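# Summary of structural features
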Amino acid sequence: MDISNQKHFLTVTDYSVSKEIFDLYHNEELDMLITSPQPGLDVLGKYYESVDYISHTDSKRSLFEKMYHFVKSIALKNKLNLINSQQPNKGSILDIGAGTGEFLSVARQDGWKTIGVEPSDKAKAIAKNKGVSFVEQTSELESHSFDVISMWHVLEHVPDLKQQIKELKRLLKPNGTLIIAVPNFKSFDAKHYGKFWAAYDVPIHFWHFSKTAIKKLFQKEEMQLVKILPMKFDSFYVSLLSEKYKTGKMNFVKAFFIGLQSNLRAKKNFEYSSHIYILKNN
């Protein structure tokens, strides 16, 4: 996506790994931010080598990791309830960016036919021990073969956004359900922490979405946004990391109050730290 005509929004640092500086540009038509420069695929992997990136591990070494996995266990139940509410007749589900496979494992135990895609060999090995099946690329899969496709905090990581959306359209059955979860740069915690907001997560987050952006991007491929749900735990998790980036330590008390304030304000303007978007394939 071209940034030559986009307005500069913010300069941010990769606090997690490289300490390199990146710029965010605002696309006014879509109301979304674009990271620049975006690293090539040949070097992208090094930016994921962070102790803060815990979605690729099952470890529970620290209090933070234990809290993360406790909240994750609650979120898994909520995710399962969500897909069952959208598709009561359990069919096939594809999870792109499946990580260590907890979601697909829970869905499979509930009667879904499951398959995942995950670029991290480390995460994939953990998931396979849970009985999760994978393909290397979605291009291996037949068109219109899935009742549900999910991307839990993955779309922001995809280098070719337009092609990814086209591929989602190809894979989804008519009237199938697409579930996308992404951070929201218009939330209170994003505005409060500014350049320290952990969910900018440059440069591995190429894109930073608003509600308008998701609606318009998927409309172009004739997929309709039917519902937006809050991810209320995210404001606390992101605030903890943001405190670390801002002050050098995790201030649990302050992060809790910022996360709480973000959720309370979002009750009025529905700008939560992260959103789940439910889309239907027309």
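The structure reproduced in this document is the subject of the present report. (Residues numbered from 1 in each chain as written. Predicted model: local features only at pLDDT ≥ 70, side-chain atom pairs only at ≥ 80, totals over all residues. Heavy atoms only, no water.)

## Quick word on the overall build of the chain
Across its full length, the chain holds nine helices and ten strands. On C-alpha atoms alone, the chain measures out to a radius of gyration of 18 Å, which is about the 19 Å that the 2.2 N^0.38 rule sets for 282 residues. Projected onto the principal axes, the alpha-carbon positions of the chain cover approximately 45 × 45 × 45 Å. Restricting the contact set of the chain to residue pairs at least 6 apart, pairs at least 24 apart contribute 71%. Per element, the accessible surface of the chain, about 13300 Å² overall, is 53% carbon and sulfur. When the 38 basic and 31 acidic side-chain charges of the chain are each reduced to a single mean position, those positions are 8 Å apart. (Helix = DSSP H or I, 4+ residues; strand = E, 2+ residues; numbered from the N terminus. Rg over C-alpha atoms; globule rule 2.2 N^0.38 Å. Contact = heavy atoms within 4.5 Å. Areas by Shrake-Rupley, 256 points an atom, 1.4 Å probe, with all protein chains shown as cover. Lys, Arg positive; Asp, Glu negative; His and termini not counted. Charge placed at Lys NZ, Arg CZ, Asp CG, Glu CD.)

## Some words on the environment of Tyr 200
Within the secondary structure layout, Tyr 200 lies in the loop between helix 6 (188-193) and strand 8 (207-208). When the C-alpha atoms of Tyr 200 and Phe 233 are compared, they prove to be 17 Å apart, with 33 residues separating the residues in sequence. Here Tyr 200 is in contact with Phe 9, Leu 10, Val 12, Leu 24, Leu 33, Phe 185, Gly 194, His 205 and His 208, once residues within four sequence places are set aside.

## Comments concerning unusual backbone geometry
In this model, Ser 36 is joined to Pro 37 through a cis peptide bond whose omega is -5°. In this structure, Pro 37 sits in the loop between strand 3 (32-36) and helix 1 (41-44). Between Val 202 and the following residue, Pro 203, the backbone shows a cis peptide bond with an omega angle of 0°. One can find Pro 203 in the loop between helix 6 and strand 8. The phi dihedral of Asp 31 is positive, around 55°, even though this residue is not glycine. Within the secondary structure layout, Asp 31 lies in the loop between strand 2 (21-27) and strand 3.

## What about helix 3 (residues 102-109)?
Considered for burial, the residues of helix 3 that qualify are Glu 102, Phe 103, Leu 104, Ser 105 and Ala 107. Where helix 3 terminates, the next one or two residues include Gly 111, which has phi positive at roughly 110°. (Buried < 20%, exposed > 50% of the residue type's maximum accessible area, 1.4 Å probe, protein only.)

## As for the pattern of salt bridges
Here the structure, examined in full by the defined rule, presents eight salt bridges. Here Lys 130 makes a salt bridge to Glu 102, at a shortest N to O gap of 3.5 Å. Taken together, the residues Lys 130 in the loop between helix 4 (121-128) and strand 6 (146-152) and Glu 102 in helix 3 connect sequence positions 28 residues apart. We classify Lys 130 as partly exposed; its relative accessible area is 25%. Among the residues examined, Glu 102 registers a relative accessible area of 14% and is labelled buried. (Salt bridge = Lys/Arg side-chain N within 4 Å of Asp/Glu carboxyl O.)

## Digging into the sheet that holds strand 3
A sheet is described by the order of its strands in space; here four strands give the open sequence 1-2-3-8, paired in antiparallel fashion. The strands lining the two open edges of the sheet, one partner per strand, are strand 1 (7-13) and strand 8. The sheet contact formed by strand 3 and strand 8 spans two bridges and is antiparallel. Bridged to Leu 33 within strand 8 is His 208. (Pairing = 2+ DSSP bridges.)

## A look at the packing of helix 8 (residues 234-247) against helix 9 (residues 252-269)
To describe two helices that pack against each other, one gives the angle between their axes and the distance between the axes. Where helix 8 meets helix 9, the closest approach of the two axes is 8 Å, and the angle between their N-to-C directions is 135°. In this view, helix 8 runs oblique relative to helix 9, as classed from their interaxial angle. In this structure, the crossing between helix 8 and helix 9 has a hand that is right-handed. Two secondary-structure elements touch here, helix 8 through Ser 235, Phe 236, Ser 239, Leu 240 and Glu 243 and helix 9 through Phe 252, Lys 254, Ala 255, Phe 256, Ile 258, Gly 259, Leu 260, Ser 262 and Asn 263. Across the contact of helix 8 with helix 9, the residue classes break down as seven nonpolar, five polar and two charged. (Axes fitted to C-alpha atoms, helices over the stretch in contact; angles between N-to-C directions. Parallel < 35°, antiparallel > 145°, perpendicular 65-115°, else oblique. Left-handed = near helix turned anticlockwise from the far one by under 90°. Nonpolar A, V, L, I, M, F, W, Y, C, P; charged D, E, K, R; others polar.)

## Observations regarding the sheet that holds strand 10 (residues 274-281)
The strand order across the open sheet built from six strands is 5-4-6-7-10-9, with neighbouring strands paired in mixed fashion. Of all strands in the sheet, those bounded by a partner on one side alone are strand 5 (113-117) and strand 9 (223-230). Strand-to-strand twist across the sheet, computed as the mean angle between neighbouring axes with direction ignored, equals 20°.

## Concerning the side chain of Asn 263
In this fold, Asn 263 is placed in helix 9. Not counting the four nearest positions on each side in its chain, Asn 263 is found in contact with Lys 232, Ser 235, Phe 236 and Tyr 272.

## Some points on a nonpolar patch on the surface
Residues Val 253, Phe 256, Phe 257, Leu 260 and Leu 264 make up a contiguous nonpolar surface patch of about 480 Å² in total accessible area. Its location among the elements puts Leu 260 in helix 9. (Patch = residues over 30% accessible without salt bridge, like charges linked within 9 Å, V, L, I, M, F, W, Y side chains within 5 Å.)

## Some remarks on the environment of Leu 82
Tracing the chain through its elements places Leu 82 in helix 2 (residues 63-86). The exposure class of Leu 82 is buried, given its relative accessible area of 10%. Residues Leu 82 and Ile 179, 97 residues apart in the sequence, show an inter-C-alpha distance of 9.3 Å. For Leu 82, the contacting residues outside a window of four places in its chain are Trp 152, Ile 179, Leu 229, Ile 276 and Ile 278.

## Some words on the nonpolar core
Leu 94, Ile 149, Leu 155, Leu 178, Ile 180, Phe 209 and Phe 218 are the most contacted members of the largest nonpolar core, which has 54 residues in total. In this view, Phe 218 contacts Leu 155, Ile 165, Leu 168, Leu 178, Ile 180, Met 223 and Leu 279; residues no more than four positions away in its chain are not counted. Grouped together as the second largest cluster of nonpolar side chains are 20 residues, Leu 80, Ala 107, Phe 134 and Ile 276 included. (Core = buried A, V, L, I, M, F, W, Y, C linked by side-chain atoms within 4.5 Å.)

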